[in-house]
Amino acid sequence: MNAPLAAMLRYNRWANLRLFEACRGLSDDLLDARVEGVSGSVRTLLLHLAGGQQTFVLRTQGRQHEGELSRSSAWPGIDALLEVVAETSDRLVAIAEALDEDVDVDLPWQGKAFRFPRSFFLVHAVEHGVEHRTEVKVALAHLGVPTPDLDAWSWAPQAGFGAEV
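Presented here is a report on the structure given in the accompanying data block. Remember, predicted model here, so these are calculated numbers, not experimental data. (Residues numbered from 1 in each chain as written. Predicted model: local features only at pLDDT ≥ 70, side-chain atom pairs only at ≥ 80, totals over all residues. Heavy atoms only, no water.)

As for the overall build of the protein
And step 1. Within the protein, the regular secondary structure consists of 6 helices and 2 strands.
And step 2. Written out in order from the N terminus, the α and β elements of the protein read α-α-α-α-β-β-α-α.
And step 3. For the protein, the C-alpha radius of gyration of 16 Å lies close to 15 Å, the compact-globule estimate for 165 residues.
And step 4. Residue burial in the protein is summarised as follows: out of 165 residues, 45% are buried.
And step 5. Across the protein, the fraction of contacts at a sequence separation of at least 24, relative to all contacts at a separation of at least 6, is 71%.
And step 6. On the protein, roughly 8,800 Å² of surface is accessible, and the fraction owed to carbon and sulfur atoms is 55%.
And step 7. Each charge class in the protein was averaged separately, 15 positive and 23 negative side chains, and the resulting centres sit 3 Å apart. (Helix = DSSP H or I, 4+ residues; strand = E, 2+ residues; numbered from the N terminus. Rg over C-alpha atoms; globule rule 2.2 N^0.38 Å. Buried < 20%, exposed > 50% of the residue type's maximum accessible area, 1.4 Å probe, protein only. Contact = heavy atoms within 4.5 Å. Areas by Shrake-Rupley, 256 points an atom, 1.4 Å probe, with all protein chains shown as cover. Lys, Arg positive; Asp, Glu negative; His and termini not counted. Charge placed at Lys NZ, Arg CZ, Asp CG, Glu CD.)

Following this line, the structure appears as structure tokens:
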């Protein structure tokens, strides 16, 4: 079991669910607003975050492009996105927990295959989540919408970390 990597992915799950929940009541105007310096609207970023997680799960198996959500996908609603994020987060944690020894994964791309360690896709899932959650938070803050605290210190008590000794 790769306990440290699994812990990072449990944090990723917590942060994603908090952010998506915080976006639950946003109007279409807020979801579609564009903010300078952010790579898309809140709506497209949420789709990208959820679809990215679907892709990372597939990539750990040497697969991709099997109908995952993307920035251009039809909006399925926040409840559907929350389900995708919860399910894919649980799968990413399980993959990390099962990773006793790292293995190579051959990922096809444009008629060629490229070799990566499976752990790379898990690390990328964590980094990708941080990057785009930050963009959503920046956009929302710019639009005057309160954002959740996604700092790991806020997650620590739920994870059972930081008990007084």
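Moving on, there is more to tell.
A closer look at the nonpolar core
And step 1. Counting 30 residues, the largest nonpolar core has Phe20, Cys23, Val42, Leu46 and Val136 as the members making the most contacts within it.
And step 2. What Val42 contacts, discounting residues up to four positions off in sequence, is Cys23, Leu26, Leu30, Leu31, Ala33, Val136, Ala139 and Leu140.
And step 3. Counting 13 residues, the second-largest nonpolar core is a separate cluster that includes Leu5, Leu92, Ile95 and Val126. (Core = buried A, V, L, I, M, F, W, Y, C linked by side-chain atoms within 4.5 Å.)

Here's the deal with the pattern of salt bridges
Should the charged atoms of two oppositely charged side chains come close, the side chains can pair.
And step 1. Applying the stated rule across the entire model yields 9 salt bridges.
And step 2. Of the charged contacts, one joins Asp90 and Arg13 as a salt bridge, the two residues approaching to 2.6 Å between their closest N and O atoms. Residue Asp90 is located in helix α4 (residues 78–97), and its partner Arg13 is located in helix α1 (residues 3–22); the two are separated by 77 residues in the primary sequence.
And step 3. Look at Arg13 and you get partly exposed, because its relative accessible area is 26%. (Salt bridge = Lys/Arg side-chain N within 4 Å of Asp/Glu carboxyl O.)

Quick look at a negative patch on the surface
And step 1. Residues Asp100, Glu101, Asp102 and Asp104 make up a contiguous surface patch of negative charge.
And step 2. For Asp102, a relative accessible area of 40% translates into the label partly exposed. (Patch = residues over 30% accessible without salt bridge, like charges linked within 9 Å, V, L, I, M, F, W, Y side chains within 5 Å.)

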